[in-house]
Amino acid sequence: MNENEGRNKKGSIEDNINKIDGDYIKKHQCNDMGNRIRKWFKSIENDYDKGVYLLLMEQFRYYSRENIIEALRKVHKEVTDFDKNIDYTIFFPMFSYNGNTNHSFEIQNMYRDANKLSKYCFPTNINLAIEKLPMNDISNIIFIDDMIGTGETIKKSIREIHKKYKSLFNKNIYILVLEVPENIMNIEEDINEELDINIKIIYLNKHKKAFDSGYIFDEKNKVRAKEVIKKYDTQLTKNANEILGYGNSEFLLGFYYDTPNNTIISLWKQNEDLSWNPPFYRSTKISHRPKWLKSSKQYGGARQLKYEKEQRKNMNYRKRLKENNKK
């Protein structure tokens, strides 16, 4: 591709920005995308590079709240295949392995509203559910989330749930999400083999990697296009594992409440020093810090346990050192 081939054959850079703006308003309920792109493009070096980003943007899947509700109705059809009237199924949010809250609670509520189901099918506390619900009458447990990226997080979460609540795994266990990577079968097999269980992952869309041959770029042009994105990504992070999206995911995916770190980093990571203001958003820094929180290690599942272990280790070391000095 030469400099001008970075533009879509149908028209100029500006024509394509207008087209994307219209597409996003119509398909994704994401208003004013064109102005966001125009502002962002001031920091992109040349028309070739802009053309590469425009081609990526055309395949970017953005979930507004309305789109999520519509998608949850579609994926619910797979649930009704094994429980037509939802008489024997309960739905949990996918709990974080470190014990923190996440957007799965929001997705759980939207799923209930989208499919007009009873609130009693949607407990948020496993302990209370086991204690209060007639578990012998429940056949299916479904954990709800928005997406699976590399599979690392979902494996950690299921590992932790299995460790604490083995009795649940006598039921049919499902994970229900909107987006998964193309190697989802491998992720499912890894979970089942490691824990000797039989989880099934229900999903709506398989997400292609941006630089898969024949997806957006042909074999000839994908190498140069990929190098263009790497160039900008590298300026935005010192962590090589974040370039092209966490774990080299190459996702083109965003939700109205956040953008996953599996998405190509230069599509969401802002940098004021570089005047880099891409069109999508990721909540990477939280300024609020309650006064009672003296240290982030005080609270938060796995972090807390690791912190307490380190404290005990240091205390034992100081105790031994004191005893040796006495000798």
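Residues numbered from 1 in each chain as written. Predicted model: local features only at pLDDT ≥ 70, side-chain atom pairs only at ≥ 80, totals over all residues. Heavy atoms only, no water.

Colleague: Break down the pairing of strand β4 (residues 172-181) for me, with residues and values.
Modeller: In terms of burial, β4 is largely enclosed, as nine of its 10 residues are buried. Between the parallel elements strand β3 (residues 140-144) and β4, the chain passes through helix α7 (residues 152-164) in a crossover that is right-handed. Here seven bridges tie β4 to strand β5 (residues 200-207), and the two strands are oriented parallel to one another. Counted as the bridge partner of Ile175 is Ile201 from β5. After leaving β4, the chain enters helix α8 (residues 184-195) and then returns to the sheet as β5, a path that is right-handed. (Buried < 20%, exposed > 50% of the residue type's maximum accessible area, 1.4 Å probe, protein only. Helix = DSSP H or I, 4+ residues; strand = E, 2+ residues; numbered from the N terminus. Right-handed = clockwise from strand over helix to strand, strands pointing away. Pairing = 2+ DSSP bridges.)

Colleague: Can you lay out the pattern of salt bridges for me, pointing to particular residues and giving the numbers?
Modeller: By the definition in use, this model includes 14 salt bridges. In this structure, the salt-bridge partner of Glu70 is Lys74, at a minimum N-O distance of 3.8 Å. Here Glu70 and its partner Lys74 are both found in helix α4 (residues 65-80), four residues apart, which amounts to about one turn of the helix. Judged by relative accessible area, which is 42%, Glu70 ranks as partly exposed. The shortest N-O distance in the salt bridge between Lys132 and Glu131 comes to 3.9 Å. (Salt bridge = Lys/Arg side-chain N within 4 Å of Asp/Glu carboxyl O.)

Colleague: Before we move on, could you go through the environment of Ser213 and cite the residues and values that matter?
Modeller: In this structure, Ser213 sits in the loop between β5 and α9 (219-236). Among the residues examined, Ser213 registers a relative accessible area of 41% and is labelled partly exposed. C-alpha separation for the pair Ser213 and Val223, spaced 10 residues apart in sequence, amounts to 9.6 Å. Setting aside residues no more than four positions away along its own chain, Ser213 makes contact with Glu219 and Lys222. In this structure the side chain of Ser213 is engaged in a polar contact, spanning 3.0 Å, whose partner is the side chain of Lys222. (Contact = heavy atoms within 4.5 Å. Polar contact = N/O pair within 3.5 Å; in protein donor to acceptor, adjacent residues only side chain to side chain.)

Colleague: Describe the packing of helix α2 (residues 33-41) against helix α3 (residues 47-58), with residues and values.
Modeller: In the contact formed by α2 and α3, the axes pass within 12 Å of each other and the chain directions differ by 150°. Classified by the interaxial angle, the pair formed by α2 and α3 is roughly antiparallel. Considering how the two elements wind past one another, α2 and α3 form a crossing that is right-handed. Contact residues: Met33, Ile37, Trp40 and Phe41 in α2; Lys50, Tyr53, Leu54 and Met57 in α3. Class assignment for the residues of the contact of α2 with α3 results in seven nonpolar, no polar and one charged. (Axes fitted to C-alpha atoms, helices over the stretch in contact; angles between N-to-C directions. Parallel < 35°, antiparallel > 145°, perpendicular 65-115°, else oblique. Left-handed = near helix turned anticlockwise from the far one by under 90°. Nonpolar A, V, L, I, M, F, W, Y, C, P; charged D, E, K, R; others polar.)

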